Structures are given as C-alpha cells and as structure tokens.
Amino acid sequence: MSRFLKLSYFTLVFIFLYLPIFIIIVYSFNNANFSALWHGATWKWYRLLFSDSAILSVTGNSLVVGILAATFATVIGTLGAVALFKYHFFGRKLLHGLIFILIIVPDLVFGISLLVLYSTLHIHLGFWTLLLAHVTFCIPFVMVTVYARLKDTNKHLFEAARDLGATELTVFWRIILPLMVPAIMSGWLLSFSLSLDDVIISFFVTGPSFQILPLYIYSLVHVGVTPEVNALVSLTFVATVTIVLTAYYFLRKQHAKMG
Amino acid sequence: MYGSNGRLVGRLYCPMKRDGFFRQCSIVIIFAWLLFFALLPFILVLAGSFLTGSEHEFLSWHFTLQNYADLFQLLYLRIFLRSFYLAGITAIICLILAYPFAYIMSRFSESARLFWMLILIIPFWTNSLMRIYSIIIVIRVKGWLNGFLLWAGLIHQPLHLMYTQTASLIGLVYTLLPFMILPLYANLEKFNWTLLDAARDLGAKQLRRLFKIVIPLTLPGIIAGMLLVLLPAMTIFYVPDILGGAKSLLLGNLIKNQFIEAYNWPLGCAVSVMLTIVMVLMIAFYWKMTTPKERRELM
C-alpha cells in the first residue's frame, strides 16, 4: 500500500467514528426545536440547559451513581485482584471464570439476570438496585487492570517486605497500593465512564423513582431529543478531550524524562 | 530485641492471626460479591427458563419445558436467523474495515500509537445513544449521505435507509468497530515484522506473505474481535430501536420485550439461555484455536 492510500484510509475511518459527534455538536447550536434542518446558530440551548431541572437532576443522578459505583468497584476490585494474585484458595478457578464471563457476557443477559434476582428477592427497583448492578459490572474491569499491573511488578518486593516483618496488611497498604496507583486510577476512570454510558443494564435494574441520563435520553429518542441534550453531550465531549489530551501531554513528558 | 519494635513483636507473637485476617477478608469480599451478584442471577435465569409465569406472578414454581418448545415457533426462528445473519455481516464488515486500520496503526512510532489510541477511544466516552441518534441526520432521506451521493452523481434517487435492516447494520458497525480494532491492534502490535522480510528473501509474493504469515499469526486477534462483536451485535437493542424500526427486530429486542412489554419472563429467560449457549460455544472455539500464551497477550 502506498503511503497516501494508507493515510487516507486511516483518516476515513476516523471521519466515520467522529462524524456523529460532529453532528451532535453542530446541532447543539441549531436554532430550532426538533428539526433536522439548519435554522441558524444560537447559544440558546446551552443557556436553557442550565435552567432545565429535569436534565440537571438526571445528570446529577448519573454522576452520583458513576462516582459511587466506580469507587466501590475500585476498592472491591483491587482487593480482589490482590487476592487472586497472591493467594491460592478453594474456588480460585471459579473466580477467574466468573470474571471472564462477566466481561464477555452480553449486557442484556446480565441486566435481565439481575432483574430476576431483584424480583425473586422482592427488592424495589431504584437507586440501590442500580448502584449494586453498576458496581458489579465494573468490578471485573478494575480487577483485570490491576491484575495486569500486579503481574508486571517485581514479586520479590512483597517477599522482602514480609521477611523484614511486615504483615500482609502492611504489605498491601505500604507496598502494593502505592505501586498500583496508576492501575487503580485507570480502573476507576474506566468504571466511571462505563457506568455513565450504560443503557442496557440500567434499563432493567432501575425504577421510575430513579432516572439517569442515558435512560432519560432513551425515553426521548422516539419523540425527538431536544437540542439541550446535544448541548450537554457536546460539553461532556469537550471535557473528555481536554482531560485526555492533558493526560497525554503529561504522560509524554514523563516518558521523555524517563527515556 | 522484641520490645523495641511493636510491630515486630506483634508479628512474632501472633503472625497467623493478623495475616490470616487480611487474606480471608480480601478473598471473602470478592467471592461473596460475585457469587451473589453474578453467579446466583445467572442460575436464577437458568431456573426461570424452566418455569411458568403470568402477568401477576412473573415466575412461579411449576416445572415446564414449554418455553423451549415455544422457541421453535416460526416467528422466533425468523428472529434468530435474522439476528445471526445481521451479527455475522456486522462482524465481517467490522473485520474488513478494522484489519487495514489496525495494521496501519501498528506500524506507527510508539508515541504516535499512544496518541491515536487515545483518539480512537475518545468517542467511547461520548454518550453512545446520542451518537447512534445523530446517525439519523446522516442517513435519512434528506440526510447528509443522500445529499452527498446525489451531488456526486452516484445515485439519482435518494436512498430510503431509515427503518431498514441496512440502517441497523450501519449503527451496529459504527458502535462495534472499535471492539474489532482493539484486539487486532493488540495482536499486530506484537507482530514480528522481520518474518515478512525473511519470507520475501525466500521468494514469497505479497499476497502469499499475507495469507501464509500475517493472517495465521493474527488469528487469535481476529477470533477475539469476532467474539467481541458478534454477541453485542445480537443484543444491543437500542440500535435497531432507534435506526431499524419494527421491521428489524433482533434477539435483543425480543428478550427485552418479553420482560418489559409481554411479561413473559420464562420465555425471555429461555432466549437468554440459548444466547448464553451460543456464547459458550464461541468461547470454546476461541479456546481451542488459541494457546494460553496468545490469550494472555490479548487479555
């Protein structure tokens, strides 16, 4: 393949991936309610967004669930990864298998499984059922991230600490955790973004009492999504790009220093 | 010697008790959580597929095989076939699009690879429903695609894509393409390119090098990508919901409707079990075709 052909193919795929995002942003400035036609540019939707209590409250709910789910999943997943890495115990293989299955199983099957569980136990659907579901589907991703990092660290560090008299808890607190900080952070971020964007599992495990942003949008797609939602999504896009590029800049700087 | 360091004393006097506590805690927490919130629900669905249900009581404890017999009705068989067909086409299109892309990316310098990887992942962090929804703007009758094609003179009548299977297909490829790119890229990144030089020196032509060396060695990536695309393609119900309309009902919509609209939970459970069996077969195939080392490299 010639260089030109390669680059144009590469660019085309990226245009394909980014075109819908471009459209979301363009239509967040469209001066019309539901229309797909262009009616001139306006800032109106951004202004209205911040006075629309419905959107703000579901966004708030999504953020609360995202932060809590990511935090709980990170704590449980990190502990779990350490247990899986350090100890041999009865059922270790089963645990490995469960994590693999949780990652690969379609969201839909997991969602209805939890719905059946909650309904068997007569638990009302709402905030708690949603949070527990999100924690559960985030745990495997944290475990995989932390476990991969644990495998790459020098095992002798843990043994040396033990020989010098540290308890298991001390080893965990003073040696493993500091070494795992990058993996724990990326596990948290991954969980947070998975939780924030989940439609399928949430659809089954939350009730009318607790609405979150993806489900609010889903309820609008057939009647027409208001441009305020475009404005909100555009803002989150700009925020992500800023965060990711800043992180990239610092990563490169660090890389240059080390190399 | 003992008294000067409290921690040392503690460790020497009762090492097992304190150590065992952390060990047990960490194991018990993760184990209990996943048993209760993952294994138990899956078992309940399996059990539910053998039960009867009504609108008042979604699942009641009467054993039956009727739900599985119901699956063989023509209506459902048609949905199965359509789902497998559409998922298969989606996976093949994703593979064809993703392979050259992953190849090109894997030949970049290391810092460029990191940068483009981030650019590839950024769309993931933008609400996926809204991204699918805005595809309507592109493919509707007066949309951007028709505008472009008419302007370029490639078509003379606008294409009616909305609410067809093709629309679902476009949405599925769009959503799942990165899931094909990532495992292929992980595979190609570790590829030893000197093998190709060796093959060239031994006289192998370009196509022969591709089919005899590159593709066999990236087979684990291809199969992993297929696995990651096929299953969601059958079950992301919101894509056919938004783009495909009622005519392109897929397995995911069928399951969802049994739970939300038809209140036939046992049948929904039975469809899920069937889907899980398909999943297990695909994983078994993946296991058979790859070595543990190859799996570790991809995971």
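Being a predicted model, the structure only gives us computed values, none of them experimental.

Enquirer: Help me understand the overall build of chain B in this model?
Expert: Assigned secondary structure in chain B consists of 15 helices and 0 strands. Here the C-alpha radius of gyration of chain B, 26 Å, is well above what a compact globule of 299 residues would show, namely 19 Å. Expressed along its principal axes, the backbone C-alpha trace of chain B runs to roughly 95 × 70 × 35 Å. Taking all 299 residues of chain B together, the buried fraction comes to 38%. Restricting the contact set of chain B to residue pairs at least 6 apart, pairs at least 24 apart contribute 70%.

Enquirer: Teacher, can you tell me more about the overall build of chain A here?
Expert: If you tally the helices and strands in chain A, you get 11 helices and 0 strands. The buried share of chain A, reckoned over its 259 residues, is 41%. Counting only contacts in chain A whose residues sit at least 6 apart along the sequence, the fraction spanning at least 24 positions is 81%.

Enquirer: Before we go on, may I ask you to explain the interface of chain A and chain B in this structure?
Expert: With 65 residues of chain A at the interface, the matching set in chain B holds 65 residues. Of all the elements, helix α1 (residues 3–27) of chain A adds the most residues to the side of chain A that touches chain B, at 12 residues. Residues that form the side of chain A that touches chain B fall into these classes: 49 nonpolar, 11 polar and 5 charged.

Enquirer: Please explain the domain arrangement of chain A as it appears in this structure.
Expert: Often the size quoted for an interface is simply the accessible area lost on bringing the parts together. Residue and element names in this part refer to chain A. For chain A, the assigned domains read domain 1 (1–42) and domain 2 (53–258). Computed from C-alpha atoms alone, the centre-to-centre distance between domain 1 and domain 2 is 30 Å. Taken residue by residue, the interface counts 7 residues in domain 1 and 7 residues in domain 2. Residues that form the side of domain 1 that touches domain 2 fall into these classes: 5 nonpolar, 2 polar and no charged.

Enquirer: Just checking my understanding: could you explain the packing of helix α4 (residues 92–104) of chain A against helix α6 (residues 127–152) of chain A for this structure?
Expert: Each pair of packed helices gets described by two things: the angle between the helix axes and the distance between those axes. All names here are of chain A. Interhelical geometry of α4 versus α6 gives an angle of 115° and a closest axis separation of 9 Å. Comparing the axis directions of α4 and α6 gives the class roughly perpendicular. In this structure, α4 crosses over α6, and the sense of that crossing is left-handed. Here α4 contributes I99, L102 and I103 to the contact with α6, which in turn contributes F137, P140 and M143. Of the residues assigned to the contact of α4 with α6, the class counts are 6 nonpolar, no polar and no charged.

Enquirer: It is not clear to me how the nonpolar core should be interpreted in this structure. Could you clarify?
Expert: Soluble globular proteins tend to bury their nonpolar side chains together. Membership of the largest hydrophobic core comes to 150 residues, with the highest contact counts inside it found for C138 of chain A together with M180 and V229 of chain B. Each of domain 1 (1–42) and domain 2 (53–258) of chain A contributes no fewer than three residues to this core.

Enquirer: I would appreciate a short explanation of the environment of T206 of chain A in the present structure.
Expert: Within the secondary structure layout, T206 of chain A lies in the loop between α9 (200–205) and α10 (213–220). If near-sequence neighbours (up to four positions away) are discounted, T206 of chain A is found in contact with L125, G126, T129, L130, I212 and L215 of chain A.

Enquirer: Is there a simple way to explain helix α10 (residues 206–217) of chain B in this structure?
Expert: Owing to its 3.6 residues per turn, the α-helix brings residues three or four apart onto one side. For α10 of chain B, with 12 residues, the first-to-last C-alpha span of 16 Å sits near the 16 Å given by 1.5 Å per residue. Burial of α10 of chain B is sparse: only 0 of the 12 residues sit out of reach of the surface.

Enquirer: I'm lost on the confidence of the model for chain A in this one. Help?
Expert: Where the model shows low pLDDT, its predicted coordinates should not be examined in detail. Per-residue confidence for chain A gives a mean pLDDT of 90; residues scoring 70 or more make up 98%. Confidence scores differ between elements of chain A, with helix α11 (residues 227–258) of chain A showing the lowest mean pLDDT of 85 and α9 of chain A the highest of 96.

Enquirer: I keep staring at the confidence of the model for chain B and nothing clicks. Help me out?
Expert: All names here are of chain B. A residue-level look at chain B finds 92% of positions with pLDDT of 70 or above and a mean pLDDT of 86. Within the model, pLDDT remains below 50 along residues 1–15, and this stretch shows 9 contacts once partners closer than five positions in the same chain are excluded. At the level of chain-chain contacts, confidence expressed as ipTM amounts to 0.90, with global pTM at 0.90.

Enquirer: What's the story with unusual backbone geometry in this structure? I'm lost.
Expert: Leaving glycine aside, a negative phi is the common case for residues, and trans is the common case for peptide bonds. Residues and elements named next belong to chain B. Backbone geometry places Y163, a non-glycine residue, at a positive phi of 60°. Summarising the element assignment, Y163 is placed in the loop between α7 (144–152) and α8 (165–189). At Y263, a residue that is not glycine, the phi angle is positive and equals roughly 50°. Secondary-structure assignment places Y263 in the loop between α13 (251–260) and α14 (265–289). Y263 gets classed as partly exposed once you count the C-beta atoms within 10 Å, which come to 15.

Conventions and cut-offs
Residues numbered from 1 in each chain as written. Chains lettered and ligands numbered in written order. Predicted model: local features only at pLDDT ≥ 70, side-chain atom pairs only at ≥ 80, totals over all residues. Helix = DSSP H or I, 4+ residues; strand = E, 2+ residues; numbered from the N terminus. Rg over C-alpha atoms; globule rule 2.2 N^0.38 Å. Buried ≥ 20, exposed ≤ 12 C-beta atoms within 10 Å, placed from the backbone. Contact = placed C-beta atoms within 7 Å. Nonpolar A, V, L, I, M, F, W, Y, C, P; charged D, E, K, R; others polar. Domains from an automatic or database assignment. Axes fitted to C-alpha atoms, helices over the stretch in contact; angles between N-to-C directions. Parallel < 35°, antiparallel > 145°, perpendicular 65-115°, else oblique. Left-handed = near helix turned anticlockwise from the far one by under 90°. Core = buried A, V, L, I, M, F, W, Y, C linked by C-beta atoms within 7 Å. Expected span 1.5 Å × (residues − 1). pLDDT = per-residue confidence, 0-100.

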